[in-house]
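Residues per chain are reported as follows:
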Amino acid sequence: MHSLLSAAVVYVDGQPQWRHVGVVRLHMRDASDTFIADYVARNWEEIRHCVGAYQIEAEGVRLFHRIEGDYFNILGLPLLELLSYLTLRGTLAA
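A brief report on the enclosed structure follows.

Cut-off values and rules
- Residues numbered from 1 in each chain as written.
- Predicted model: local features only at pLDDT ≥ 70, side-chain atom pairs only at ≥ 80, totals over all residues.
- Heavy atoms only, no water.
- Helix = DSSP H or I, 4+ residues; strand = E, 2+ residues; numbered from the N terminus.
- Buried < 20%, exposed > 50% of the residue type's maximum accessible area, 1.4 Å probe, protein only.
- Contact = heavy atoms within 4.5 Å.
- Salt bridge = Lys/Arg side-chain N within 4 Å of Asp/Glu carboxyl O.

**Structural notes on the side chain of Asn73**
Here comes step 1: Within the element layout of this structure, Asn73 appears in helix H2 (residues 71–75).
Here comes step 2: With relative accessibility at 4%, the residue Asn73 sits in the buried group.
Here comes step 3: Look past the residues within four positions of Asn73 in its chain and what remains in contact with it is Leu4, Ser6, Gly22, Val23, Val24 and Pro78.

And the structure:
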């Protein structure tokens, strides 16, 4: 298991007005060395720039047997929390 943090801060006039840190816990499944080597070989061009060397929205989801937390945090932005804040603030229409 490892934890992944995803954060966002909204600044207004140079001052932080809102911040959020989302936490996701990713439980990796048991996998053989052969499976991992084949996975990396098949996906290297897509995963080489990804945090953790997996792409959860693609074949990388096969590396896990349980994920606790928000999918958007894994992608790199606590999107639901940000949208909620912007809606409550009136920046986005309700």
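What follows continues from the structure just given.
**Some details on the pattern of salt bridges**
Here comes step 1: For the structure on display, the rule yields 4 salt bridges.
Here comes step 2: The closest approach of N and O atoms between Glu59 and Arg42, which form a salt bridge, is 2.5 Å. Of this pair, Glu59 sits in the loop between helix H1 (33–47) and strand E3 (64–68) while Arg42 sits in helix H1, and the two are 17 residues apart along the sequence.
Here comes step 3: Taking the relative accessible area as the measure of exposure, Arg42 reaches 46% and is therefore partly exposed.
Here comes step 4: Here Glu68 makes a salt bridge to Arg66, at a shortest N to O gap of 3.1 Å.
Here comes step 5: Of the residues examined, Arg66 reaches a relative accessible area of 41% and is grouped as partly exposed.
Here comes step 6: Where salt bridges share partners, they join Arg42, Glu59 and Arg62 into one cluster.

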